[in-house]
Structures are given as structure tokens and as C-alpha cells.
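Residue strings, one per chain:
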Amino acid sequence: MKDRLLTPEFRVVVDHQRCTQCHRCITGCGWGTLSCNNGRIVADDFKCVACHYCVTHCPTGAIVVEEFPLAFKPHANWTVGLRKNAWRQAQSPGMLLTGMGNDQAYPIVFDHLVLDACQVTNPSIDPLREPMELRTYLGRKPNSLAFDSLGRLITPLEPQVKLETPIVFAAMSYGSISLNAQKALAMAAEECGILWNTGEGGLHKDLYPYGHCATVQCASGRFGVHSGYLNAAAVVEIKIGQGAKPGIGGHLPGEKVSVEVSETRMIPPGTDALSPAPHHDIYSIEDLRQLIYALKEATDYSKPVSVKIAAVHNVAAITAGMVYAGADIVYIDGFRGGTGAAPTIIRDHIGIPIELAIAAVDDRLRQEGIRSQASIIAAGSIRSSADVAKAIALGADAVAIGTGALLPLGCRVCQKCYTGNCSWGIATQRPELTRRLDPVLGAERVSNLIESWSLELKEILGALGLNAIESLRGSRERLRGVGLDNTTLEILGVKPAGR
Amino acid sequence: MKKVFPRILSGCGLIGIMRASGERVSGAEVIRAITNMHERSNGLGGGFAAYGIYPEHKEDYALHLMYSTPRSKDITDKLLEESFQIKGDGPIPTRPADGIVNAPILWRYFVRAKPEKLAETEVPEDEAVLRVVMDINFEIEDAFVISSGKNMGAFKAVGLAGDVGHFYRLEDYYGYTWIAHARFPTNTPGWWGGAHPFTLLDWAVVHNGEISSYGINRRYLEMFGYKCTLQTDTEVMAYLLDLLIRKHGLSVENAAMAMASPFWKDIDALPPEERHKMMAIRAVYGSAMVNGPFAIIFGHHRGMVGLNDRIKLRPMVAAQKDDALYIASEEAGIREVCSHPDRVWSPRAGEPVVGWLNEGVA
Ligand code: SF4
Ligand code: SF4
């Protein structure tokens, strides 16, 4: 064995009594961990990322993946993670990369918020007996409506996009994920009456039929942006930043730029797809306004334009500026938001939690009297229907889920998306891996999750004595904080439990 | 008298009686009707609003005030003299009544805004009056304006509604619209101002229910400059009606659609133009939707409206006899004063009962 600083994270244990030598695990593992040596399956533990593909696909249940049993001298300051990072960088210099969202143990505000329920003085509502409404419209709304003397509406309404449940899929580009993964999300979005998001990788020709339920992105690299692309969509989104890597551009290495990816992104095959950190035509809020209106012009004012930013310290003021600049939807991505690839140091240390960002943004837009003028989409680790309900009670119109939407496709949050070896066929372009993701089955599983969360949301509303989601939106009175400090409570606009 | 207190939840009995012809009847009738619904109250609050009771002061704003100290009256008097021409004032007549104790000083003023003040500030008279009312209610300790509309007044106290009516000698007043409220709060209210009706100029609202969407309704109103200082559901109701009908100019029917919206499944079945209109109302006024059980009756100088929540979680019955419209929590309350109505019906969830006075009456 080579002289190494690092030790494996996991150990793959094969029960040779059970193993029938089908070799399914060998071809299954995207990381090449397993091989056959003298008629026995052997593992290179260094390669294993605990993606469970072999475990879930072994017909005899012969494989177990364990944490590598290695004791480290405990140190509360020099955590094992920090030590490993230093060893990794000592072995080969460079920024450490990672995938998915921030995995550090910051306090999770959602887990310190609890919801209310009705008792005696007002009745809770049984969602099995009474209608329970989750429908949400995204888009700019006037502050008031006017009607003529016959009661007909005369105020023109700007484009509104209907969601049957207040959840959309987060932006995940073709390139960062496979076409089959995108297809599964697109089909699920259509099925559930919600939106999927192309990310900044363009819209593959096979997915044009799902344009009507897509948000298409126009990001700093302008990949795949053309008039047909913009007009195929339900919503056009300007991507300024992403919660996992605020202020950082994107880099899709040339190896991942296959012919199909290159066609969709409109770049030569095999070239690196570099998204600059800023949009080179947006250096101020006025510039953003120009791009917003250029996109509105290009789509004949027929779709809402969304602007997506990462939640940073000044998020409230920035968002208000975006709304004044013409954004119909503001998409705020918290610091736990996921990614296909980001420098670990950025992912884990930049940005603010989405819960606080929602509260600050909703407050600011209300103070400015412009809350109706834009819908708020909150993202950056929405993990359950409870998080959805809490985000909405804090003031969001809808939430976006990325990791949550990949879990039904098999994702194990192994955080190795940036390697392009995803055994589940999600974050990879290797045909032998992407092939195994069946978009129809994937769509069904993703839809099941959305349906389940929607049912749970209805149950939560019923307990709250509400029968429409808009009555929860921004209703912070129905939240209480447990174990949060006074300043945090004040920012959230939430009372402590017991009060 | 402490004016700001925590949210108190309550159940209630309501009744409203309106005569479209403008015929004025004694308060004795409405007292009988509300007393009949005794079961829905616990003696911790009752109140009335009456329209058409001050014909001799038709053009003046009638201010009903409550003071718990003589000092607060002195301060308020000074403010009123500064702001208004006072056309008349005096104590609100009362008599001792069972269970009505700790009465504050109750005083009535008939006022007009000073023309020179209006010219100076360039605000309409209504708004000028409203500002003074808000100043008194939120700035002057121990003083509270119970009502401030023209040719109308509110009367309320901590006690059983019937006793409250007796205390205020309501049988001596004659009005074309009467609304009344008997309350069953879960906690003892500290002061009389918290009883219903809640008023805003000539609007008076009585309400039975608990708003589950209070938090967002309140934040929505704050965006339009309303301060919900009393923390009562009824205050939120009154402000919503004021915003939608007075400020945004919505018809009563459209305001009702916003506050007690039909369900999407029903909206989806409408013809396209109607569907679009309803979608717009729900999308734009979603934060004004009042969710949770409620029945309200609101009176104004031209009529009376009853409205139920969207799934009718609180009772409301309406009846008609000749030119009289009745809306109440219980049919029994109506039958008490109108034994053979021409028509009695249960308004559907979210469907407003709208009564207008005949043209030229008010
Ligand atoms: S990486 Fe995944 S498939 Fe490969 S050995 Fe580890 S758990 Fe099994
Ligand atoms: S998408 Fe694939 S690589 Fe990324 S975390 Fe999930 S399983 Fe791992």
C-alpha cells in the first residue's frame, strides 16, 4: 500500500457465503470500488462513498457498507473533518470540492420552530371531509383590484403561474444531472401541477414538451439561451447566485460536455462550460432591470420573470431592489442549498440560513408596501412538509426542493456529485450509469413524495383550523420558537413558546 | 382602564335588524331578541349599535366616549375643542342595572370638523375625524371612543347584553338598523371598550368566531397602514371591510368573495370570465381571506350585511318580513321579535346577506 495520509471512510464487507458471483455490484458501482479477484468480490475501501447502490442491488443481500472503524483522538476543535481536509490537500493541492448542501452542524432554525393547532375555541378541520386548498399562484399582483359597474374585473392581471401545491423543483441543470434525472423531474412536475427548473444548462430537445411546466434559467454563462428556449417556458429565471456557492461561478468540466450536453448548452463538445461569477452585464441593480425587461420583451410579457439569489447578509435590501427592478418572483436560496459542485470552503461558510432570510425579506417587502408585487420562493434545505409549512408561515409563497427531489431517485446524499460517478445515474453523464435511471419510475417516485408532502400539509392546515394555504402564508402568529434567543425571535417575528 | 390586552377568544350571539323603509323602532325589540340568545353569552360583554337614532344631529359626527378618570375627560375635551366645532354634548343617559358595575364616565358629543382645519390639512372630513378618534384611542390614557359615525351610536359594557341595553335605556332610542352582540369570552375582559360592536366611523361590526388567519390578516392590514392595537379579531374584521370596501372600492359582494372565498373546485367550474375574476380576487386578496369560524354582521349608514366563513363553522340565519331584514345566530332570536317571517333561510357559507335601505332613506 502506498504511503497515505488518508484512511478510508467506509468499509465494504462482502459475505462470501451468500455471494453468488453475479458481479452486479461490480458494474453497479460508479466509483469502481469492487472487482473480482480469484473468484471473490473484493473492495477498494478508499473508493467507497456509501452510495448504497451495491447494497440495494445485490440479489442475495451479501453486501454491507460500514463506517470504517477507526478511532481518532477526540478533539472538539480539530474535528476529524478538518484533519481529513488538511490531509487531503496535503496529498494533492487545490480547493476541496464537494456536492449537495452544507453539512456542518450549524443550528437549524426550522427545528426550533413549532406550529400551532386548534383546541375548543375554534375547530380543527378534517382534510378527509372538507376541502383543503394548496393552490398557489406565482407572479406579480396588484395591490388592489377594480371592477366596473357590472362587477366585471377591469384591472389587468400580470402573468400568473399556477402551482397545485406550493412546492417547485430547484434548478438542476442538464450537465450537473443526467437527462434521465431531468426527465423524471419534468414528468413529475407535469403530473403534480408544479414546476421543474432547467438550471443553467439549457433545455434539451426531448424536454420541450415539458416546457409548459418549466422554469428556464438565464445565468451568467447564458448557456442554451435563445428565443425558443425562453418562450417554451412557464417562468424565466435570472440566476444571480446559489445558496451553496454565493458569489461563485460554475465550472462544468469538458469531460462532462458530451455531444448532447454541448448541443443543449450551445457550446463545442468537450470544452469546459464556465459560468462567470457575476453576469458580465449586471454590475448594479439598474443593469438587472435591463435584463429583466429584455427577457420580458423577448417573451412578450407573457411570463413572470424570476430572479434567484443566494441568501446573504443584505438579502432583504437586495430583494427589495430586485422587486423594484421588475422581478415578479424572487427566489431566495439559503446557505444550506445544494449544488452539483462547489468548493467545500464556500459551501460550508458563506451565506445565511433561509429561515432568517425569508423573515427578513418578507418584512422588508411589507415595509416597502411591495409584498404583493412579487412571489417569494424559498429554498436551501427544505427537508419535509413541516419545513414547507414553516417556511410559508414565515412568509414564503412556495418552496423549492433539490435534494428532496433527488432522494426519490435513489440519491444517498453521498455528496460526491461533482465527480460525475453517481451510481444512481443522477449526477453523472456516463451512459452506462445514466441508463439505469428509468425516468418513468423516477417520475412516479418523485410524484409520490410531492403527493405525500401535500397530504401532510393539508393535515397541518387542518390542525391549524385553516383550509387554504394563503391563510398560513406569512402568519407567523401560528409559529412559536423553542430555544431560540430573543434577537433571532425578533428577526423571525415569532413569539417564544408559552407566550 | 387598560386598553391593550392579550387576545381573548370568545363565542357569541349576534343579531341585526334593519328596516329598509327607514322606519325607526325602539331598542326594546333588539334587546328582546338578543336576550333570547342568552345561552351564547356568559355575562362578560354585550353591546349594541343603532343607526338613525340622532335625526336632529344628522349631519354631525356623534362621538360616544368612555372615560375612566375625570382627568382623561379634561384632556380629551381640550383636544376635541381644538379639532372640532362642538354642536352639543352631555352624559349618555344610563340607569342602574343588574350586573353592570364599575361604569366609566360615558359622554356624548356631536361634532363637525373645523372648516379652516380641513382646508389647512386638505383631508376629507371623515379622515380628519378618524384621525382624532385614533389619537384619543391610542394616545390618551383612560379615554376611549366607542363610536364616531353620523346619526348612529354604539353602546357597550361588561355584562349580559339585556342588562347592557337596560343600563343604556335603549328603549328610549329609535333606529332603522340595530345590531347587537352577546359575548362568551374565555377570559375576563379588563375594560368595557373590548366589548362589541367594534366601530370605525359609521361602520359597526359584531362578530362571532375566532380568526385562524389572524396573524396574516393583521400583517396584511399593517402593510396598508392599519395598526391592530386592540388585538381583537373584530378589529381585524372591521379594518378589512374598511380597506376592501371604502379604500379599494370593492362591492360588498366582491369584498365577501375576498374574505370568504369560494373553493377552487367551484371556481374551476365557472365560465372563463367569472373564473378569471375569482382567480384574481383570490390571488390578489389571499391575505385578506378570513379563515376559521366566523359569522359577522356589519352595519353602516346605508344598510346591513351578514357574512359567514367559507365552510360555515358558525351559525347564521336570516329572515325577512315586509321591509324588515333579520340576521341572527339563532332563528329563535328572530322568532322572538318576528313570529311569522315571510321567509327564513340559512345563508350558504361565504354567501353574504346584503340589506340596503331604500333609496333616499338615510
Ligand atoms: S460506492 Fe456505492 S456501490 Fe460502490 S461500493 Fe460503495 S456503496 Fe457500493
Ligand atoms: S446525486 Fe448521486 S452523487 Fe450526488 S449525492 Fe446523490 S447519490 Fe451522491
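Residues numbered from 1 in each chain as written. Chains lettered and ligands numbered in written order. Predicted model: local features only at pLDDT ≥ 70, side-chain atom pairs only at ≥ 80, totals over all residues. Heavy atoms only, no water.

## Looking at the overall build of chain B
Put simply, the rule reads: Numbering of helices and strands starts at the N terminus; helices are DSSP runs of H or I of at least 4 residues and strands are runs of E of at least 2. Radius of gyration: C-alpha atoms only; globule rule: 2.2 Å multiplied by the number of residues to the exponent 0.38. Think of it in three bands: residues with accessible area under 20% of the maximum for their type are buried, residues over 50% are exposed, and the middle band is partly exposed, with areas taken using a 1.4 Å probe on protein chains only. A contact between two residues is defined here by any heavy atoms of the two lying within 4.5 Å. Method for areas: the Shrake-Rupley scheme with a 1.4 Å probe, in which residue coverage is limited to the protein chains shown.
Helices and strands together make up the secondary structure of chain B, namely 11 helices and 18 strands. Taken against the 2.2 N^0.38 rule, which gives 21 Å for 362 residues, the C-alpha radius of gyration of chain B at 20 Å falls within 12% of a compact globule. Overall, the C-alpha framework of chain B stretches about 60 × 50 × 45 Å when taken along its three principal axes. The burial tally for chain B puts 63% of its 362 residues in the buried class. In chain B, once contacts between residues fewer than 6 apart in sequence are set aside, the share between residues at least 24 apart is 75%. Total accessible area on chain B stands at roughly 13300 Å², and carbon and sulfur atoms take up 50% of it.

## Thoughts on the overall build of chain A
Rules: Under this rule, positive means Lys or Arg and negative means Asp or Glu; His and the chain ends count for nothing. Note on charges: their place is set at NZ of Lys, CZ of Arg, CG of Asp or CD of Glu.
For chain A, the helix and strand inventory stands at 15 helices and 21 strands. Its C-alpha atoms give chain A a radius of gyration of 24 Å, within 12% of the compact-globule value 23 Å for 499 residues. The buried share of chain A, reckoned over its 499 residues, is 55%. Only carbon and sulfur atoms are counted for the fraction: they give 53% of the accessible area of chain A, which is about 21000 Å². Both charge centroids of chain A, one from 48 positive and one from 49 negative side chains, sit 5 Å from each other.

## Re the pairing of strand E7 (residues 143-147) of chain B
Residues and elements named next belong to chain B. Applicable threshold: Two strands are counted as paired when DSSP detects at least two bridges linking them.
Across the 5 residues of E7, 5 count as buried, placing the element largely inside the fold. Pairing analysis gives 4 bridges linking strand E4 (residues 61-67) to E7, with the strands arranged antiparallel. When the bridges of E7 are listed, His 64 appears paired with Ser 147.

## Focus on the sheet that holds strand E21 (residues 495-496) of chain A
All names here are of chain A. Across the sheet, 3 strands lie side by side as E6-E20-E21; this open sheet has mixed pairing. The strands lining the two open edges of the sheet, one partner per strand, are strand E6 (113-115) and E21. Pairing of E6 with strand E20 (residues 479-481) involves 3 bridges; the strand directions are antiparallel. Bridge pairing links Val 114 to Arg 480 in E20.

## Quick word on the site of ligand 2
The test is simple: Residues are classed as near a molecule or strand on a simple rule: at least one heavy atom within 4 Å of it. Under the scheme applied here, ten amino acids are nonpolar (Ala, Val, Leu, Ile, Met, Phe, Trp, Tyr, Cys and Pro), four are charged (Asp, Glu, Lys and Arg), and all others, including Gly, are polar.
As a matter of local geometry, ligand 2 sits amid Met100(A), Cys411(A), Arg412(A), Val413(A), Cys414(A), Gln415(A), Lys416(A), Cys417(A), Cys422(A), Trp424(A), Ile426(A) and Ala427(A). Within the shell around ligand 2, the residues separate by chemical class into 9 nonpolar, 1 polar and 2 charged.

## Considering the site of ligand 1
Taken together, the residues surrounding ligand 1 are Val12(A), Cys29(A), Thr33(A), Leu34(A), Cys48(A), Val49(A), Cys51(A), His52(A), Tyr53(A), Cys54(A) and Val65(A). Residues belonging to the shell around ligand 1 are distributed by class as follows: 9 nonpolar, 2 polar and no charged.

## Comments concerning the sheet that holds strand E12 (residues 235-239) of chain A
All names here are of chain A. Across the sheet, 8 strands lie side by side as E9-E19-E18-E16-E15-E12-E11-E10; this open sheet has parallel pairing. The sheet is open, and its two borders are formed by strand E9 (167-169) and strand E10 (196-197), each paired with just one other strand. Note: strand E18 (residues 375-379) against strand E19 (residues 398-401), 2 bridges, orientation parallel. Residue pairing across strands places Ile 377 opposite Ala 398, the latter belonging to E19.

## As for the environment of Ile332(A)
Residues and elements named next belong to chain A. Within the secondary structure, Ile 332 is located in strand E16 (residues 329-333). Residue classification places Ile 332 among the buried residues on the basis of a relative accessible area of 2%. Ignoring sequence-local partners within four residues, the contact set of Ile 332 consists of Ile 309, Ala 311, Val 315, Thr 319, Ile 354, Ala 357, Val 361, Ile 376, Ile 377, Ala 378 and Ala 379.

## Focus: the pairing of strand E6 (residues 105-113) of chain B
All names here are of chain B. Among the 9 residues of E6, 7 are classified as buried, and the element is accordingly described as predominantly covered. In the sheet, E4 pairs with E6 via 7 bridges, with the strands oriented antiparallel. Residue pairing in the sheet places Ala 62 in a bridge with Phe 110 of E6. Bridging between strand E5 (residues 84-91) and E6 involves 7 bridges; their strand directions are antiparallel. The partner of Gln 85 across the bridge, within E6, is Arg 112.

## Structural notes on the packing of helix H7 (residues 285-298) of chain A against helix H8 (residues 315-324) of chain A
Residues and elements named next belong to chain A. The test is simple: Note on definitions: angles span 0 to 180 degrees between N-to-C directions of axes, and those axes are lines fitted to C-alpha atoms, for helices only across the stretch in contact. Between 65 and 115 degrees an angle is taken as roughly perpendicular, under 35 as roughly parallel, over 145 as roughly antiparallel, and anywhere else as oblique. Throughout, a crossing is termed right-handed when the near helix is turned clockwise from the far one, and left-handed when it is turned anticlockwise from it by less than a right angle.
Running from amino to carboxyl end, H7 crosses H8 at an angle of 40°, the nearest separation of the two axes being 9 Å. When the axis of H7 is compared with that of H8, the two are oblique. The interaxial crossing formed by H7 with H8 has right-handed handedness. Across the interface between the two elements, Ile 285, Leu 288, Arg 289 and Ile 292 from H7 touch Gly 321, Met 322 and Tyr 324 from H8. When the residues that make up the contact of H7 with H8 are grouped by side-chain class, the tally is 5 nonpolar, 1 polar and 1 charged.

## Some remarks on the packing of aromatic side chains
Basically, it comes down to this: To pair, rings of Phe, Tyr and Trp, with the six-membered ring standing in for Trp, must have centres within 6.5 Å; the planes then decide the type, stacked if under 30 degrees apart, edge-to-face if over 60, and tilted in the middle. Working rule: Lys NZ or Arg CZ, within 6 Å of ring centre, within 35 degrees of ring normal, means a charge sits over the ring.
Within the structure shown, the criterion is met by 15 aromatic pairs over all chains. Taking 6.5 Å as the distance between ring centres and 50° as the angle between the ring planes, the aromatic pair formed by Tyr293(A) and Tyr301(A) counts as tilted. In this structure Tyr301(A) comes out as partly exposed when scored by relative accessible area, which is 38%. Ring plane angle 85° and centroid distance 5.0 Å describe the contact between Phe167(B) and Tyr168(B), whose orientation is recorded as edge-to-face. Across this residue pair, the class does not change: Phe167(B) and Tyr168(B) are buried. Grouped by ring-pair contacts, the aromatic residues Tyr54(B), Phe110(B), Phe155(B), Phe167(B), Tyr168(B), Tyr173(B) and Trp192(B) constitute a single cluster. Between Lys73(B) and the ring centre of Trp107(B), over which it is positioned, the NZ or CZ distance is 4.0 Å. Directly above the aromatic system of Trp345(B) lies the positively charged group of Arg343(B), at a separation of 3.8 Å from the ring centroid.

## A closer look at the packing of helix H6 (residues 214-223) of chain B against helix H7 (residues 233-247) of chain B
Residues and elements named next belong to chain B. Two elements in contact, H6 and H7, have axes whose closest approach is 10 Å; the angle formed by their N-to-C orientations is 45°. As summarised for this structure, H6 and H7 are arranged oblique, according to the angle between their axes. Like other packed secondary-structure pairs, H6 and H7 cross with a definite hand, here left-handed. Seen from H6, the contacting residues are Tyr 214, Asn 217, Tyr 220 and Leu 221; seen from H7, they are Asp 233, Val 236, Tyr 239, Leu 240 and Leu 243. Here the residues of the contact of H6 with H7 are counted per class, giving 7 nonpolar, 1 polar and 1 charged.

## Concerning the domain arrangement of chain A
All names here are of chain A. In plain terms, the rule: Here the limits of each domain have been adopted from an automatic or database domain assignment. For any pair of parts, buried area is found by adding up, for both, the accessible area (1.4 Å probe) each one loses once the two are put together. We count a salt bridge whenever a side-chain nitrogen from Lys or Arg sits within 4 Å of a carboxyl oxygen from Asp or Glu.
Each domain of chain A was delimited in the assignment, giving domain 1 (10-94) and domain 2 (136-496). If you average the C-alpha positions of domain 1 and of domain 2, the two centres end up 34 Å apart. The interface is formed by 12 residues belonging to domain 1 together with 11 residues belonging to domain 2. For the domain 1 and domain 2 pair, buried surface summed over both sides reaches about 970 Å², with 57% attributable to carbon and sulfur atoms. Looking at the side of domain 1 facing domain 2, the largest losses of area belong to Gly 30, Trp 31 and Tyr 53, adding up to 51% of the total buried there. Inspection of the region where domain 1 meets domain 2 yields 0 salt bridges. Every element with two or more residues in the side of domain 1 that touches domain 2 is listed here: helix H1 (24-28) and helix H2 (53-57). At 3 residues, H2 tops the list of elements feeding residues into the side of domain 1 that touches domain 2. In terms of residue class, the side of domain 1 that touches domain 2 is made up of 6 nonpolar, 6 polar and no charged.

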